[in-house]
There are 2 protein chains.
Amino acid sequence: MTENEITLAIIKSLKEGRKKAFQEIMDELHPYDMAQQYLTVPPKHKHKYLSYLSIEQLTDLMEELEQEEQLEVIESLGGRRSTKVLDLMENDELASFLSDLEPEKIKELLADMKQEESEMVQNLMNYPPETAGRIMNNRYVWINKHYTIGEAIEKLKHFVELAEYLNYLYVIDDDKKLVGVISYRDLLLAEVDELVEDVMYSRVVKADVSMDQEDAAMLINRYDFVSLPVVDEEERLVGIITVDDVLDVLIQEANEDIERLSASGKSIDFNTKPVVAAYRRLPWLIGLLFVGLISGGIISGFEDTLGAVVALAFFMPMIAGMTGNTGTQSLAVVVRGLVTEDLTFRQTLHLIFRELRVGILIGITCGILIFLIALFWQGSAILGFVVGASLLMTLIIGTLAGTIIPLVLYKLNIDPAIASGPLITTINDILSLLIYFGIATALLSQLTI
Amino acid sequence: MTENEITLAIIKSLKEGRKKAFQEIMDELHPYDMAQQYLTVPPKHKHKYLSYLSIEQLTDLMEELEQEEQLEVIESLGGRRSTKVLDLMENDELASFLSDLEPEKIKELLADMKQEESEMVQNLMNYPPETAGRIMNNRYVWINKHYTIGEAIEKLKHFVELAEYLNYLYVIDDDKKLVGVISYRDLLLAEVDELVEDVMYSRVVKADVSMDQEDAAMLINRYDFVSLPVVDEEERLVGIITVDDVLDVLIQEANEDIERLSASGKSIDFNTKPVVAAYRRLPWLIGLLFVGLISGGIISGFEDTLGAVVALAFFMPMIAGMTGNTGTQSLAVVVRGLVTEDLTFRQTLHLIFRELRVGILIGITCGILIFLIALFWQGSAILGFVVGASLLMTLIIGTLAGTIIPLVLYKLNIDPAIASGPLITTINDILSLLIYFGIATALLSQLTI
């Protein structure tokens, strides 16, 4: 059946009130598909759709939806069923659902949940956003190092619902400290009476609760793990991060980098409403409008020069644009490089020096080119020299600004969102105009001959 | 031991020629760490480092290195050992190592390999880059649907080295067609005499060999899989894609999006040499230089207007900059949105209309603001009107250009790298200058009163 056929069959079963036919279709669907179908059916059928799903299916569905739709589902389910669903949801999914809600709403939702579950979620929400503690979940199985392989398999069978996705068991000692890891495959291969501690791998790669989520994601990526254990300050196992969450983290962090480079505003996607999208982008634009006026101020300071040689204005956009472009190019290299590499001081210097040389190479090439163009277009070697020399200097400075500003912010642990592409572009605009008109003014007597 | 201590211990064992001590350290290291240590030790020790490693360890090491370093290792190992390593490498890793080498070099390297392995790699390299076929590997275990669970476990034990990472077995019928999937966990839980086909899950999510690698990655992400089977045109199982490769794909695709937005040049990272980096960025910059000159041409066309009202030049960089910024903001939303969503025609229209309304909202806000600023700064309501009206129009047009251009390229299947951020910025520069000077020229008699 194609997706459309499935949708039609679902709507038919809902219209005719045939719950069994509906369930037969659902049995074949992955949670993702179940959610897509829920989003596709007409609004008037959504309530019945939900009422026909089991608590387990509702939980799967919730975990695939966005917050707005999750709230709709919770409202539609009513108190008792919604509480059961919240109890069953993975802690990290629940925490992310609750994260931006009003405090009263959170209290209301948590009130009827099992105390154990609600405490665990509140505990999770106490970790700062974008840390390992915040994205970890408790769907793992631990075993004591004194267990035999047979006992470990027994425990695994018992907690099978919990451990669906993984292929490791984590081994703890009597103080709950993480001391080892053992794969399901090792369990299959070992003899049942062997001791876990004799089979387990004891050099465990792990994340600290307070580790940045991107660093934890890179650990999983480097070591090709499916899950990564998370420990607290006392080395006690408190949760795991799974590779499916890491995929989401990588996409989210890439989007943040792009927001940073393009100042496109936080979390605007295809479904964001126009007013919201405008509201999220405007602060940046208004800020940049004022910074852009500084350029205007600089030009007005050189009004006499410009009035004397109007041809200077012809090259203004090109010089400002080129400087902005090289700055953004360098910025992109730095921003993306920091995702996969940790920079030592020596590497930082090396990178700055590299970009300096790139700037010089680019500057010389483009400087000579524009000198020749200006010479033939405007028939003035002096104007050509002013434009060419300006471009050489601004390209070098633009490259360095695009490299050094984000690196300094990174080293100072300042939210690097400040070093957005448009900001670098605007700073480079200002620098380029100062250099351009500075050189032109110095050579004004030559230019006006 | 910290990483530094490990490095020192490694260097000591190499200096003193104590292979056993060296191996004891290596036994504790993950492949990633082994590679990091190899990169850290001084060049003069690298040859001995390699000579002390087993073929299996060398294979692990190779898979963690970049192409340049891989070539060094192969050179250093010499013919016989290097062939053994190449035989053992995962197909997809080997294909990606070979991919950019000279044809003669590839022939030379493949010549001594086992025929079976070298054929498989050549087969892989026949798929176009960035498809599912190109990133798949053959480290999976298949079983026939007529096997019992006991037979399946026996086969798994036999091929254990192959199946280290996964937690599924793929089930095929007598024609090698993929008909089901079964998890290691299901194997543990089922009775040994049950039939595989009675336990397996038969609605298998799979990728076609020619599917775009990003789409395959999104399938794994949506369904939270650890691996995804790949089938050929006849539905035969030919390989699997694993989540660790998907992580790399997501990082690579995000980097490509950022290269597109910032025209930062293909694959420039912290280790790229200055000349190479300059060479990769220059084509864009030189192209943009000429496009930037079009702006100059437009201004020169309005030389009289500009000569009459030099104050017009003060607002030029701000208007061009703002138009460029909003274009990039829209572009970023489109580029990133296309990663996670497939656009229907209706959604495309919806998105364009959304961005139109965003442009109007932003344009009205910024237009009024700049009108007031120009009015008080330059004391001219007409100049304020020219600047404000221009900004309103250019912001709307800039937003639409940043939305429509990448969408059209996407629909036309044109390499979207063309719709780079600087290109949109430059196009918007040109449009904004035309509008600005057009309005100013129309109102010139008013402006010069």
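Remember, it's a predicted structure, so these values are computed and weren't measured experimentally.

Enquirer: An account of unusual backbone geometry is requested, with residue identities and associated values reported.
Expert: Even without being glycine, Lys176(A) reaches a positive phi, approximately 65°. Assignment of secondary structure puts Lys176(A) in the loop between β2 (168–172) and β3 (178–183). Positive phi values are uncommon outside glycine, yet Asp224(B) reaches one of about 55°. Within the secondary structure layout, Asp224(B) lies in the loop between α15 (213–223) and β5 (227–231).

Enquirer: An account of the sheet that holds strand β1 (residues 142–144) of chain B is requested, with residue identities and associated values reported.
Expert: Residue and element names in this part refer to chain B. Taken in spatial order, the three strands line up as β1-β2-β3 in an open sheet, and their pairing is mixed. Edge positions in the open sheet fall to β1 and β3 (178–183), since each of these has one partner strand only. Sheet twist, expressed as the mean angle between neighbouring strand axes with direction ignored, is 35°. Direction of pairing for β1 relative to strand β2 (residues 168–172): parallel, over a ladder of three bridges. Residue pairing across strands places Trp142 opposite Tyr170, the latter belonging to β2. Helix-sheet contacts for helix α12 (residues 149–158) involve β1, β2 and β3, and the interaxial angle to β1 is about 150°.

Enquirer: Please give an account of the sheet that holds strand β4 (residues 207–208) of chain A that cites residues and values.
Expert: Residues and elements named next belong to chain A. Taken in spatial order, the three strands of this open sheet run β4-β5-β6, and their pairing is mixed. Unpaired on one side and paired on the other, β4 and β6 (237–242) mark the two borders of the sheet. Sitting on the sheet, helix α15 (residues 213–223) touches β4, β5 (227–231) and β6, and the angle it makes with β5 is about 135°.

Enquirer: Could you give me a rundown of the pairing of β3(B), with the residues and numbers involved?
Expert: Residue and element names in this part refer to chain B. Summarising burial for β3: five of the six residues are buried, a large majority. The pairing of β2 with β3 spans five bridges and is antiparallel. Of the residues in β3, the one forming a bridge with Ile172 is Leu178. The loop that links β2 with its antiparallel partner β3 comprises five residues; one of these, Lys176, has a positive phi angle of about 70°.

Enquirer: Talk me through the pattern of salt bridges; I want residue IDs and the actual numbers.
Expert: All names here are of chain A. Within the structure shown, the criterion is met by 23 salt bridges over all chains. For Glu16, the salt bridge identified is with Arg18, shortest N-O distance 3.0 Å. We classify Glu16 as partly exposed; its relative accessible area is 43%. Judged by relative accessible area, which is 41%, Arg18 ranks as partly exposed. The salt bridge partner of Glu108 is Lys105, with a shortest N-O separation of 3.8 Å. Linking Glu108 with Lys105, this pair stays in helix α9 (residues 103–111), spanning three residues, or about one helical turn. Looking at Glu108, the relative accessible area reads 52%, which means it is exposed. Each member of the salt-bridge network shares a partner with another, and the members are Lys12, Glu16 and Arg18.

Enquirer: Outline the packing of aromatic side chains, supporting the account with residue identities and numerical values.
Expert: The final tally for this structure, using the stated rule, is 22 aromatic pairs over all chains. With 5.5 Å between their ring centres and 65° between their planes, Tyr38(B) and Tyr49(B) make a pair best called edge-to-face. Of this pair, Tyr38(B) sits in helix α3 (residues 31–40) while Tyr49(B) sits in helix α4 (residues 43–52), placing them 11 residues apart in sequence. The pair Tyr38(B) / Tyr49(B) is uniform in exposure class, with both members buried. One aromatic cluster is present, built from ring pairs that chain together Tyr32(A), Tyr168(B), Tyr170(B), Tyr223(B) and Phe225(B). The lysine or arginine in question, Lys155(A), covers the ring of Trp142(A), its NZ or CZ lying 3.4 Å from the ring centre. The side chain of Lys46(B) reaches across the aromatic face of Tyr38(B), ending 4.8 Å from its centre.

Enquirer: Lay out empty space enclosed by the protein with the relevant residues and their values.
Expert: Evaluation of the coordinates by the stated rule reveals three cavities of 30 Å³ or more. Taken as a whole, the largest cavity holds about 590 Å³ of empty space. Lining the largest cavity are 38 residues, and of these Gly321(A), Thr425(A), Gly321(B), Thr425(B) and Asp429(B) sit closest to its centre. Among the elements of the structure, α16 (243–262), α17 (274–301), α19 (312–340) and α22 (421–442) of chain A together with α16 (243–262), α17 (274–301), α19 (312–340) and α22 (421–442) of chain B are those that each provide at least two residues to the lining of the largest cavity. Its residues assigned to classes, the lining of the largest cavity shows 18 nonpolar, 18 polar and two charged.

Enquirer: Describe the domain arrangement of chain A, with residues and values.
Expert: By domain assignment, chain A separates into domain 1 (3–135), domain 2 (142–251) and domain 3 (274–447). When each unit is reduced to the centre of its C-alpha atoms, the spacing between domain 1 of chain A and domain 3 of chain A is 50 Å.

Enquirer: Tell me about the UniProt feature "domain: CBS" (unreviewed entry) in chain A, and name the residues and values.
Expert: With numbering matched to this structure, UniProt assigns "domain: CBS" (unreviewed entry) to residues 136–199 and 200–258 of chain A. Summarising residues 200–258 of chain A: 46% helix, 22% strand, and an end-to-end C-alpha distance of 42 Å.

Enquirer: Can you break down the interface of chain B and chain A residue by residue, with the values?
Expert: Many structure descriptions define interface size as the accessible area lost when the parts assemble. Taken together, the contact pairs 111 residues of chain B with 111 residues of chain A. Summing the contributions of chain B and of chain A, the shared interface buries around 10000 Å²; its carbon and sulfur component is 71%. At the junction of chain B with chain A, the criterion picks out four salt bridges. The partner of Glu355(B) in a salt bridge is Arg281(A), with the nearest N and O atoms 3.0 Å apart. If you look at where chain B meets chain A, you find six residue pairs in polar contact (both at pLDDT 80 or more). Here the side of chain B that touches chain A gets 19 residues from one element, more than from any other, and that element is α17(B).

Calculation notes
- Residues numbered from 1 in each chain as written.
- Chains lettered and ligands numbered in written order.
- Predicted model: local features only at pLDDT ≥ 70, side-chain atom pairs only at ≥ 80, totals over all residues.
- Heavy atoms only, no water.
- Helix = DSSP H or I, 4+ residues; strand = E, 2+ residues; numbered from the N terminus.
- Pairing = 2+ DSSP bridges.
- Axes fitted to C-alpha atoms, helices over the stretch in contact; angles between N-to-C directions.
- Contact = heavy atoms within 4.5 Å.
- Buried < 20%, exposed > 50% of the residue type's maximum accessible area, 1.4 Å probe, protein only.
- Salt bridge = Lys/Arg side-chain N within 4 Å of Asp/Glu carboxyl O.
- Phe/Tyr/Trp six-rings, centres within 6.5 Å; stacked < 30°, edge-to-face > 60°.
- Lys NZ or Arg CZ within 6 Å of the ring centre and 35° of its normal.
- 1 Å grid on protein atoms, 1.4 Å probe; cavity = no way out; pocket = protein on both sides within 12 Å on 5 of 7 lines; lining within 4 Å.
- Points joined across faces, edges and corners; volume = space filled by probe spheres on them.
- Nonpolar A, V, L, I, M, F, W, Y, C, P; charged D, E, K, R; others polar.
- Domains from an automatic or database assignment.
- UniProt positions renumbered as here; feature names shortened; annotations may be inferred.
- Buried area = accessible area lost by both parts, 1.4 Å probe.
- Polar contact = N/O pair within 3.5 Å; in protein donor to acceptor, adjacent residues only side chain to side chain.

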